[in-house]
Amino acid sequence: MYRWELEKRTYPLKFVWKISRGQSSDKTLNFVKLTKDGKQVWGEIAGITTDESKNQFLESEWKRFLEANPQSLEEIFNLELPTHLEFGTSSAMTHFLAAEENQTLSDFLGVSDFSSLSTSFSLPILKTEELAPFFEKFELSRFPALKLKVSHKLSHENCHELAQLYNGPIRVDANESFESADEVLLFMDQIKDLNIQFIEEPLKRNSEEEYKKLKMASPIPIFADESIQRDIFDEGFKDQFHGINVKLMKAGSYQRALHNIEKAKELAKKHGLMMI
């Protein structure tokens, strides 16, 4: 029988991480330890903040998980846990099952392995005058792309400042900070001459009509992030977004993330939907 344990660890950050929803100088992660027959594996639960209500919610859901004591992936999925907890538990079991079959995770999931992958560096929300020292300190010119966190305030100023420092593509992540499609379009007009690769989730999730309006008029690709939760990903996305950002913690499992990727590929063939 599987034995489940939860271990909390807090890590200091190299810099204050600030996005439109708040800021933090450290990061608290919870790790799931799964043990059976002397073997153990780990799964990660990200997305936990210092918000006490969110931590209490995790504790209550973890208690519900332990009471159910799932012994298979299907049993975990049937619990319909919060996606970050579902990923922590299901990923641990997936790693364990792969090890039992003497397979790598890639082989077990039936996907291609890789040795390296291009990535970008994310900059938190900063004052405009803080961007240059931050850029130099962390030697950000070495990255093939940069992601800039913005709020509706100082958004275009920071984009222009970063473009002065960096020649590569800039990915703008607004984390739902704009109120309307018109507000986003004004922002886009202010940065239209910059090398902006896409803008990620500028409006509140579930703002379906505003996203439709925005996509029809947008000169810059719009990518979904917070709007993708568990299985909430269907044909309707093609009318709201040019692309999607697939994240394991929001998908809830390796398996569902792969499902979302296949769905995105299907929509790409039909409607040109992109994916990162």
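Before reading on, note that the structure itself is shown above.
The present account deals with the structure reproduced in this document. (Residues numbered from 1 in each chain as written. Predicted model: local features only at pLDDT ≥ 70, side-chain atom pairs only at ≥ 80, totals over all residues. Heavy atoms only, no water.)

1. Let's talk about the overall build of the protein
Logical step 1: A count of helices and strands for the protein gives 10 helices and 10 strands.
Logical step 2: Computed over the C-alpha atoms, the radius of gyration of the protein is 20 Å, within 12% of the 19 Å expected from 2.2 N^0.38 for a compact globule of 276 residues.
Logical step 3: Overall, the C-alpha framework of the protein stretches about 60 × 45 × 40 Å when taken along its three principal axes.
Logical step 4: Relative to its 276 residues, the protein shows a buried fraction of 45%.
Logical step 5: In the structure as shown, the protein presents an accessible area of about 14,600 Å², 50% of it carried by carbon and sulfur atoms.
Logical step 6: Taking the average place of the 35 positive charges on the side chains of the protein and the average place of its 44 negative ones, the gap between the two points comes to 1 Å. (Helix = DSSP H or I, 4+ residues; strand = E, 2+ residues; numbered from the N terminus. Rg over C-alpha atoms; globule rule 2.2 N^0.38 Å. Buried < 20%, exposed > 50% of the residue type's maximum accessible area, 1.4 Å probe, protein only. Areas by Shrake-Rupley, 256 points an atom, 1.4 Å probe, with all protein chains shown as cover. Lys, Arg positive; Asp, Glu negative; His and termini not counted. Charge placed at Lys NZ, Arg CZ, Asp CG, Glu CD.)

2. Some thoughts on unusual backbone geometry
Logical step 1: Of note in this structure, Asp37 is not a glycine but carries a positive phi near 55°.
Logical step 2: With respect to the helices and strands, Asp37 occurs in the loop between β2 (22–36) and β3 (39–45).

3. Side note on the nonpolar core
Logical step 1: Ranked by size, the top nonpolar core spans 38 residues in total, and within it Leu123, Leu140, Leu146 and Ile199 carry the most contacts.
Logical step 2: Top contributing element to this core by residue count: helix α7 (residues 181–190), with 4 residues.
Logical step 3: Apart from the residues within four sequence positions on either side, Leu146 is in contact with Ser120, Phe121, Leu123, Phe135, Leu140, Leu162, Tyr166, Pro169, Ile170 and Arg171.
Logical step 4: Core analysis: the second largest hydrophobic core is formed by 17 residues, Tyr2, Leu73, Leu79 and Leu81 among them. (Core = buried A, V, L, I, M, F, W, Y, C linked by side-chain atoms within 4.5 Å. Contact = heavy atoms within 4.5 Å.)

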